[in-house]
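Commentary on secondary and tertiary structure
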Amino acid sequence: MNVAAGFLGGAKSRLLPRSIPFRFFAAAAAFHVLMWIELLAGAGEAVSFRGGLGTPLASLHLLTLGVLTMTAIGASVQLLPVATRRILHAVWPIKLIFWLTVPGLAALIVGMHTAQTAILIPASVATAGGLLVYCALLADNLRRASSLPVVGAYGWAALAMLVLVIALGVTLSINEGSGFLPDHGAVALAHMILGGFGFMGLLALGFSHILIPMFALASAPPKRPSYASLAAASAAILLGTFGALSDNRILLTVALLVGLAAAALHLWLMQRVLRAGMRKRLGLSFILVRTAWIMLPATLLAGLAVLYGLAGRNGATLFGFLLLFGWLLTFLVAILQRIMPFLASMFAAPQAMGGTAIVSELANVRSLRVHAACHGLALAALAAAILLDDAMMARLGSAIGLIGAIAFAWFTADVIRRIMPES
């Protein structure tokens, strides 16, 4: 069955109020700009960042919580009800998530930037509270997602990882003030693995089983290899987490190798979808998608190089950069620039009533081309800066990334402007 046909059937009747998902997308676009500003301010420290409070950690969480998690929440609360054909009867829990996580994250960033644990700890608790409400909402959505078994399985796995991420995040915040953990760095690495590969990674892989076939006008990937990819990815994440906590190189090596197998299987499935799809010209966003797909195995190979001392002095920093900026950020902004016009076209008035075909009008807007060019240049410059330990190049890369983020924010504002009701 063509995924697009099944996904779109009666979709308008299951849409949330337009302000609900788009508030998260707007927040993600704003945090995207702030992330590059913060990275520009701390570029000298960022090229060799190994942890600790300060500007690099603040920019990292502007990315993970501000950009990636806001995008994930906005997309999942809207797309899951549409895909599962189950209406959400109350929107107040989603509003509660927003008003806990966004102010909480803002305070968290201040606490990290200024190294003030008196701000950091309560902010982490508030943010965790909002994310736990999201966990409950996501669980309720997944419970009703029997029509999407593969996506549901990925969602449950991602949900379990998110609960662990929240627990470790609060623990790390408290430890900044009390120092009770025997190895803060090991827990921080486990936190990054669970958050990057676990929650965000599995959610990205799972939603790919809906979104990539929908955009390509193709059937969903076969279930058996999809489940195999999920099992391998989950095993790799758990092995990597235990390896990080126990500082066990063998476990970490096995985790990376299993992860490579999972990534190879997933990418084979996605390429199979694209080959079978009726739509072959997928536009600028899929250049970014394919770039992200390259970055996923590159990240895992970089991890292996780090483990065996082949990645240079800043190899660990490069591994984290490729994971969060190279794979996840690239994939999320690529998907976001497709789903925002897609959702906006559902909210807009029909052309017969004076509305516009938002998807086609915004398919190749100039701001997206500026963003894509700047994003690619920023990734290349920052990767080189980390390898060369060059703060000036890192500042240049951050400045280019900031220009791209401003262009993407302009695009987001334009989409929202088009669906705002006229006064």
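Right, let's walk through the structure included here.

Rules behind the numbers
Within any chain, residue numbers begin from 1 and follow the written order of that chain's sequence. Totals for whole chains, interfaces and linings use every residue, but because this is a predicted model, local features are given only for residues with pLDDT of at least 70 and side-chain atom pairs only at 80 or more, for both listing and counting. Water and hydrogen atoms were dropped before computing side-chain values, which therefore reflect all heavy atoms in the structure. Here the aromatic set is Phe, Tyr and Trp, taking the six-membered ring for Trp, and pairing holds for ring centres within 6.5 Å; pairs whose planes are under 30 degrees apart are stacked, those over 60 apart are edge-to-face, and all others are tilted. Starting at the N terminus, helices and strands are each numbered in turn, a helix being any DSSP run of H or I of at least four residues and a strand any DSSP run of E of at least two. Buried residues are those whose accessible area, probed at 1.4 Å on protein chains only, stays under 20% of the maximum for their type, while exposed residues exceed 50% and partly exposed ones sit between those limits. Both a distance and an angle decide whether a charge sits over a ring: NZ of Lys or CZ of Arg must be within 6 Å of the ring centre and within 35 degrees of the ring normal. Here a cavity denotes a set of grid points, spaced 1 Å apart and computed over the protein atoms alone, in which a 1.4 Å probe fits but from which it cannot get out, and a pocket denotes an open set meeting protein on both sides within 12 Å along at least five of seven lines; residues with an atom within 4 Å of a point are reported as lining. Grid points are joined across faces, edges and corners, and a volume is the space filled by probe spheres set on the points. Residue polarity is assigned by list, with Asp, Glu, Lys and Arg as charged and Ala, Val, Leu, Ile, Met, Phe, Trp, Tyr, Cys and Pro as nonpolar; anything else, Gly included, falls into the polar class.

Turning to the packing of aromatic side chains, a few remarks are in order. Applying the stated criterion across every chain yields a total of nine aromatic pairs. Taking the centre distance of 6.2 Å and the plane angle of 35 degrees together, the rings of F197 and W327 count as tilted. Highlighted residues: F197 in helix α8 (residues 184–216) and W327 in helix α12 (residues 315–347), separated in sequence by 130 residues. Of the residues examined, F197 reaches a relative accessible area of 13% and is grouped as buried. With relative accessibility at 3%, the residue W327 sits in the buried group. Aromatic pair F321 and F325: ring centres 5.0 Å apart, planes at 25 degrees, arrangement stacked. Taken together, the residues span about one helical turn, with F321 and F325 both in helix α12 at a distance of four residues. Of the two residues, F321 and F325, neither departs from the other in class, the shared state being buried. Feature note: the residues F24, F98 and W99 constitute an aromatic cluster, connected by ring pairs. Across the ring face of F215, the terminal group of R338 is positioned such that the distance to the ring centre comes to 4.5 Å.

Here we take up empty space enclosed by the protein. By the definition in use, this model includes three cavities of 30 Å³ or more. Of the pockets and cavities examined, the largest cavity occupies roughly 170 Å³. In this structure, the largest cavity is lined by 16 residues; those nearest its centre are A75, F207, L211, L332 and I335. A per-element tally of the lining of the largest cavity places α8 first, with seven residues. Of the residues contributing to the lining of the largest cavity, the split by class is 13 nonpolar, three polar and no charged. Estimated volume of the second largest cavity: approximately 50 Å³. Lining the second largest cavity are L80, L138, L142, V151, Y154, G155, L202, L203, G206 and F207.

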